[in-house]
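Here are the chains, one letter per residue:
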Amino acid sequence: MNPVKKSTNKSTIFIFITAFVLPVLLAKVALDNNWFNQAATNKGELIQPALDMTSLQGGVPEPKWKLLYVLPEQCTEVCENALYSVAQVHSALGKESDRAEVVVLAYAQSDKEQLALIKEQSNYRLLNTNLDTLNQVFDGASTQGVFIADTLNNIILRYPLYISTEDAILHSRDILSDMRKVLKLSRIG
């Protein structure tokens, strides 16, 4: 074999390794060391592990996605904005709104005036519970926020509350965006 041919074979092998094997090795190292920002398309804070709200349900409810809000002891402007936002998000779902429901969790210390107003409205489902069960479900996590629960009663996403009505309306678009995604991807509910 002539020396020029031997040199060409070695350079071909080197080019092959460089072009095909090296990128795979670099990708593996990048994945192992978290060198890139993993894509997340949800706007809310993902709750991991998901919180199981089965103990709050009375009987066997319909498998629906839930926009969940815990009614506090005093319903201030933040509370009113949250209730308004979840109702508007549910309405904005349009033809998909029958696959979701607005659930308000109330306990003995919840604001009585706001509770009476919620009972008069048909677009909210009210679940009464006690503080111990509520604390057990949320397992030390904050109950302040708007939550999305899946059809299996797992609370999976949390959204912050806002004092300003404009901010609450603006950020309710995030809730709407995530609800549309989960309804599009889900075959249940």
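In what follows, the accompanying structure is described. Since we're looking at a predicted model, the values are computed, not measured. (Residues numbered from 1 in each chain as written. Predicted model: local features only at pLDDT ≥ 70, side-chain atom pairs only at ≥ 80, totals over all residues. Heavy atoms only, no water.)

**Considering the overall build of the protein chain**
Part 1 of the reasoning: Of regular secondary structure, the protein chain possesses five helices and six strands.
Part 2 of the reasoning: Listing every helix and strand of the protein chain by position from the N terminus yields α-β-β-α-β-α-β-α-β-β-α.
Part 3 of the reasoning: Here the protein chain has a C-alpha radius of gyration of 25 Å; the compact-globule value for 189 residues is 16 Å, and the former is much larger.
Part 4 of the reasoning: Projecting the C-alpha coordinates of the protein chain onto the three principal axes gives extents of approximately 95 × 35 × 30 Å.
Part 5 of the reasoning: Buried positions account for 36% of the 189 residues belonging to the protein chain.
Part 6 of the reasoning: Counted over contacts in the protein chain with a minimum sequence separation of 6, partners at least 24 positions apart contribute 71%.
Part 7 of the reasoning: With the model as given, the accessible surface of the protein chain reaches about 11900 Å², and the carbon-plus-sulfur share is 56%.
Part 8 of the reasoning: For the protein chain, the distance from the average site of its 18 positive side-chain charges to the average site of its 20 negative ones is 18 Å. (Helix = DSSP H or I, 4+ residues; strand = E, 2+ residues; numbered from the N terminus. Rg over C-alpha atoms; globule rule 2.2 N^0.38 Å. Buried < 20%, exposed > 50% of the residue type's maximum accessible area, 1.4 Å probe, protein only. Contact = heavy atoms within 4.5 Å. Areas by Shrake-Rupley, 256 points an atom, 1.4 Å probe, with all protein chains shown as cover. Lys, Arg positive; Asp, Glu negative; His and termini not counted. Charge placed at Lys NZ, Arg CZ, Asp CG, Glu CD.)

**A word on the pairing of strand E6 (residues 154–159)**
Part 1 of the reasoning: As paired elements, strand E1 (residues 45–52) and E6 share four bridges and run antiparallel to each other. Paired with leucine 46 across the two strands is leucine 157, which belongs to E6.
Part 2 of the reasoning: Pairing between strand E5 (residues 146–149) and E6: four bridges, direction antiparallel. Note that in E6 the partner of alanine 149 across the bridge is isoleucine 155.
Part 3 of the reasoning: A loop of four residues connects E5 with E6, the two strands running antiparallel in sequence, and asparagine 153 in this loop sits at a positive phi of about 65 degrees. (Pairing = 2+ DSSP bridges.)

**Re the sheet that holds E6**
Backbone-to-backbone hydrogen bonds join strands into a sheet, with any given pair of strands oriented parallel or antiparallel.
Part 1 of the reasoning: In spatial order, the strands read E1-E6-E5-E2-E3-E4; together these six strands make up an open sheet with mixed pairing. Since the sheet does not close on itself, it has two edges, and those belong to E1 and strand E4 (125–128), each with one partner. Between one strand axis and the next, the sheet turns by 30 degrees as a mean value, whatever way the strands run.
Part 2 of the reasoning: Across the sheet, helix H2 (residues 77–92) lies against strand E2 (65–70), strand E3 (100–106) and E5, angled at about 170 degrees from E2, the strand it touches most.
Part 3 of the reasoning: Across the sheet, helix H5 (residues 165–185) touches E2, E3, E5 and E6, and the angle it forms with E2 is around 150 degrees. (Axes fitted to C-alpha atoms, helices over the stretch in contact; angles between N-to-C directions.)

**Comments concerning the environment of alanine 108**
Part 1 of the reasoning: Here alanine 108 is to be found in the loop between E3 and helix H3 (112–120).
Part 2 of the reasoning: Each C-alpha atom of the pair alanine 108 and asparagine 130 lies 6.3 Å from the other, and the pair is 22 residues apart in sequence.

By themselves, these figures tell us nothing about what the structure is for.
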